[in-house]
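What follows is each chain in one-letter form.
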Amino acid sequence: MYSVLPEDRSQHLGEELQGFWDKEVLRAENDAQKPSLTRAIIKCYWKSYLVLGIFTLIEESAKVIQPIFLGKIINYFENYDPMDSVALNTAYAYATVLTVCTLILAILHHLYFYHVQCAGMRLRIAMCHMIYRKALRLSNMAMGKTTTGQIVNLLSNDVNKFDQVTVFLHFLWAGPLQAIAVTALLWMEIGISCLAGMAVLIILLPFQSCFGKLFSSLRSKTATFTDARIRTMNEVITGIRIIKMYAWEKSFSDLVTNLRKKEISKILRSSYLRGMNLASFFSASKIIVFVTFTTYVLLGNVITASRVFVAVTLYGAVRLTVTLFFPAAIEKVSEAIISIRRIQNFLLLDEISQRNRQPPSDGKKMVHVQDFTAFWDKDLQLLEDGDLTVIGDRGTTLSGGQKARVNLARAVYQDADIYLLDDPLSAVDAEVSRHLFELCICQTLHEKITILVTHQLQYLKAASQILILKDGKMVQKGTYTEFLKSGIDFGSLLKKDNEESEQLPVPGTPTLRNRTFSESSVWSQQSSRPSLKDGAVETQDTENVPVTLSDENRSEGKVGFQAYKNYFRAGAHWIVIIFLILLNTAAQVAYVLQDWWLSYWANQQSTLNVTVNGGGNVTKKLDLNWYLGIYSGLTAATVLFGIARSLLVFYVLVNSSQTLHNKMFESILKAPVLFFDRNPIGRILNRFSKDIGHLDDLLPLTVLDFIQTLLQVVGVVSVAVAVIPWIAIPLVPLGIVFIFLRRYFLETSRDVKRLESTTRSPVFSHLSSSLQGLWTIRAYKAEERCQELFDAHQDLHSEAWFLFLTTSRWFAVRLDAICAMFVIVVAFGSLILAKTLDAGQVGLALSYALTLMGMFQWCVRQSAEVENMMISVERVIEYTDLEKEAPWECQKRPPPTWPHEGVIIFDNVNFMYSLDGPLVLKHLTALIKSREKVGIVGRTGAGKSSLISALFRLSEPEGKIWIDKILTTEIGLHDLRKKMSIIPQEPVLFTGTMRKNLDPFNEHTDEELWNALQEVQLKETIEDLPGKMDTELAESGSNFSVGQRQLVCLARAILRKNQILIIDEATANVDPRTDELIQKKIREKFAHCTVLTIAHRLNTIIDSDRIMVLDSGRLKEYDEPYVLLQNKESLFYKMVQQLGKAEAAALTETAKQVYFKRNYPHIGHTDHMVTNTSNGQPSTLTIFETAL
């Protein structure tokens, strides 16, 4: 791409406008007024923009001059005299002027458009620069008044209005001027009856704006349905794992289908309105001409060809300006004014006061860099491109631990004097944490003042001063030795804090829970496989990480015929489509015939005049009723066919959008989970929002527009060829040149368009990440750097945009040149062949050729648009045919009471998420007895969640899994999944009522639902809601706390009354009370069930019947907890020891009590146990060790 011109640089433009705005603000302060952004813009740009007005003037005058010379040429034919060479020469002169006008139009029009679009681009860039500059300076108060979404909206929607407004602005004065000029000329041609035509034109204006109003009100109604549908889709895709595990697909499919039905009915209505609008535009000129000439004839005048076609052409010229450009100008200007007002309000928000900055001293930077390699090197080796690795949006590709370390590194690089470290150690595991503390905080920063917030007591020894805070107050202060002397037990201080602070977890503050093993950083050395995320804040995808995100496949090249066929066939039966083709043809034929009849009428009239003139000077009148009758009939047919075909096209295409959406949704619901891991939510949602949006809204309109203009172009050419068959000869080379140009241009333009949209996204993402990291940017004084980056992103987009502008104008000029050639051929061809032609035919051919100018290139542009939008159709069709998971129901249905016992057998199970993926479970064999409680532990990525995925067949496992003598792979997925309850790690609620959330299929009575809610202590909460159980929840249930949502999930499990319960234990901060309640309920309600618990905190599973220890997909240990703890070599023992001495002792004690209670129930309480230990206990233990 070409680099931006210096005068179009974002920084230059932004600073220029900013200067005018600052002056304006000062002026307003002095005059005690509100500053006006509009005034600043006008002061900045009026000179350059005014010059462009001259272009408009010349262009619109040329449009008015053209018809006059056309009339003169037709006049020559009317009074044709083969002997009169003078008349012939003047006719040639007229033809020359006509073609020169045409060429001037062809070139000027595009020069004008190019310059106004550039002006629009400059204004937009300057605005964006100012908005971003302002966003970096907003004060705290101001941040409260605005949201990130609002600022992004200013940058994405509001500034785009400037691109459009500059194009149309000049028509605000050119339109009325041109209308006046045309009326005057028509008055000279046909007298008073021109007013009738003008009246129709004026009546059509409010008619169109009325349609516009109706349309926009329907549009906003549609938008609310669309939003609801996309929000639901978003929840379905986000919660797809849960939906599949609960087997709730049908309920959601009904929900989306209902929303879609409402949305489509609105879309159909607005589409019909649009169809009417297009049809009225298509037949407006016909009605105007009809009214004019009916009046003209009825007033007793005689029709002549020159009058007819001058009028037709003049109306053509003024109609575009008056019905299209002028209303567009008014609309765009009013939109722009609203946008300017919004931007102005934003620019007037408070700023922080700018302090002068001193450059950081450059003394010690090197030292730190070397120290740093110490604990980054192992990570940088894992990252593909070392320190040049690109980090995703807000650091998504890094684990929590890595983000913490990058953050720390960034702070140390600053080389400041005072360091405030807000718990940088909690996101990493113990080993890395120690490393960071010793090498970075103690060594590198030893000369600096460092304040470290932490709840890792082991580091307090190193501190020179310790502050203990509680509820925002200082409890104690002193050195470590002072504390030891005074005998304060840190643990107890923190423990007490712990209990109290956990009752009310303040959002955003790290609660003081001692972190446990599973949150160790995945990147530490022992890790068997580098996973992408940290264990700390982990959703269930811990182990699906190796599933690579494929790049979105972009269909290259042309859209196949197959896509068009599928698209139309989805909308209607082929008989309807054939009828549609016939209807379109009929409409076009009626359109041409109406003009042809006028020319025929004029010819008949003139031949009459000539014959009579020989005898005496009486003009005989034709049979008016006959001619007018047919003329009216043809006009009516044109209008009717026009409207019918518009409505039918919309009906078929909107229908097809509906069908494709339903197919795509169905196919998404049946896709295996792997598909959702491979494709980010955004990509799938894009198909449902943007692509379906295109199919609903833009595509039908563009297709209809294209069909209409294409048929008109074909009509024009056929008329010309019918009149002068010789024209066919020069048409051939013109056609070939055109086809070559179109192919050449479309290939370029498609890529330029893609470039333009890909270069646009960095502008937005840079803005939103700047807003999210505003405090960081200010703390590091990086405003200048961010502004430069923003300008660089803008300049890159300008390069692409500039290419887009120039290439499309390049193409348009060449197309109009082809049309100008066509006009020249028709004009001179008709003069050369004057003998054989009559005035009417020439008039028809020439006036049609002149209309070709704008229309031909519009047609080509629409054809390109249709092709570009068909890409959306292809993308949707691609998703209607995804791989499916196993069927929901099979021939073999398990008995209704199954599983009665809840025995689960894993027999040599291998499991992987995709056919080419790594094995995540390897040769797993285990027996889980009926009603047994099993805890599953292992470090992140050991295969804990995969075990559950295999059980639920989220992907098909190899090997056999039996539940109560039935092989899971032999029955339908819904039959299997409905029989197991799961309490997921991330509690998911869906938008809708509480009742729908507990029981989407209405299988339970109200009483059962209330009982379940009472069990989980949510009954009071729900009864306080305005609609009790039928209250609509906020999006994804966000008006409930995490703990409450977890309880709802528990209530679902209680309602299902299944024999098998699986708990993927929440790592989320559920407060201890809720946690205790959940544990208690599970022990009570599910005592008779088989329960599998994936544990993140060992204290919850230490009392299980047995514990499975997984490591990198293999089952390493499987026995009772106490037994495992006796073996000092066991992984489980090591895990428990990692928690620290006190915790480990407590856990071992619990395990011991549980073990004895179960295996030696006759032995009493602890006192007996002590004696027991001294007597014969060791011997029994040795046996166990050998057994292991």
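Fair warning: this is a prediction, and the values are worked out from it, not measured in the lab. (Residues numbered from 1 in each chain as written. Predicted model: local features only at pLDDT ≥ 70, side-chain atom pairs only at ≥ 80, totals over all residues. Heavy atoms only, no water.)

1. Re the pairing of strand S5 (residues 904-911)
Strand direction decides the pairing type here: S5 and strand S6 (residues 921-928), joined by five bridges, are antiparallel. Following the sheet pairing, Ile904 is matched in S6 by Ile928. (Pairing = 2+ DSSP bridges. Helix = DSSP H or I, 4+ residues; strand = E, 2+ residues; numbered from the N terminus.)

2. A word on the pattern of salt bridges
According to the stated counting rule, one finds 35 salt bridges in the structure shown. A salt bridge links Glu867 to Arg742, with the nearest nitrogen and oxygen atoms 3.6 Å apart. Of this pair, Glu867 sits in helix H25 (residues 839-879) while Arg742 is found in helix H22 (residues 728-772), placing the two residues 125 residues apart along the sequence. Considered together, Glu867 and Arg742 belong to a single accessibility category, that of buried residues. As a salt-bridge pair, Asp1105 and Arg1158 come within 3.0 Å of each other at their nearest N and O atoms. Of this pair, Asp1105 sits in the loop between strand S12 (1090-1094) and strand S13 (1106-1111) while Arg1158 is found in helix H35 (residues 1141-1159), placing the two residues 53 residues apart along the sequence. (Salt bridge = Lys/Arg side-chain N within 4 Å of Asp/Glu carboxyl O. Buried < 20%, exposed > 50% of the residue type's maximum accessible area, 1.4 Å probe, protein only.)

3. Section: the packing of helix H3 (residues 85-137) against helix H11 (residues 305-347)
Interhelical geometry of H3 versus H11 gives an angle of 30° and a closest axis separation of 10 Å. Judged by the inter-axis angle, H3 sits roughly parallel to H11. Crossing hand, H3 versus H11: left-handed. Touching Met127, Met130, Ile131, Lys134 and Ala135 of H3 are Ile343, Phe346 and Leu347, all from H11. Looking at the contact of H3 with H11 residue by residue, the classes come out as seven nonpolar, no polar and one charged. (Axes fitted to C-alpha atoms, helices over the stretch in contact; angles between N-to-C directions. Parallel < 35°, antiparallel > 145°, perpendicular 65-115°, else oblique. Left-handed = near helix turned anticlockwise from the far one by under 90°. Contact = heavy atoms within 4.5 Å. Nonpolar A, V, L, I, M, F, W, Y, C, P; charged D, E, K, R; others polar.)

4. A short note on the packing of helix H19 (residues 624-669) against helix H21 (residues 681-723)
Their axes nearest at 10 Å, the elements H19 and H21 cross at an angle of 160°. Judged by the inter-axis angle, H19 sits roughly antiparallel to H21. Relative to H21, H19 is oriented so that their crossing is right-handed. Counting all contacts with H19, which are made through Arg645, Ser646, Val649, Phe650, Leu653, Val654, Ser657, Leu660, His661, Met664, Phe665 and Ile668, the residues of H21 involved are Ile684, Arg687, Phe688, Ile692, Leu695, Asp696, Pro700, Leu701, Val703, Leu704, Gln708 and Leu711.

5. A few points about the environment of Arg645
Following the sequence through the fold, Arg645 ends up in helix H19. Residue classification places Arg645 among the buried positions, given a relative accessible area of 0%. Expressed as a C-alpha distance, the spacing of Arg645 and Ala586, which sit 59 residues apart in the sequence, is 9.4 Å.

These results come straight from atomic positions and should not be treated as a statement about function.
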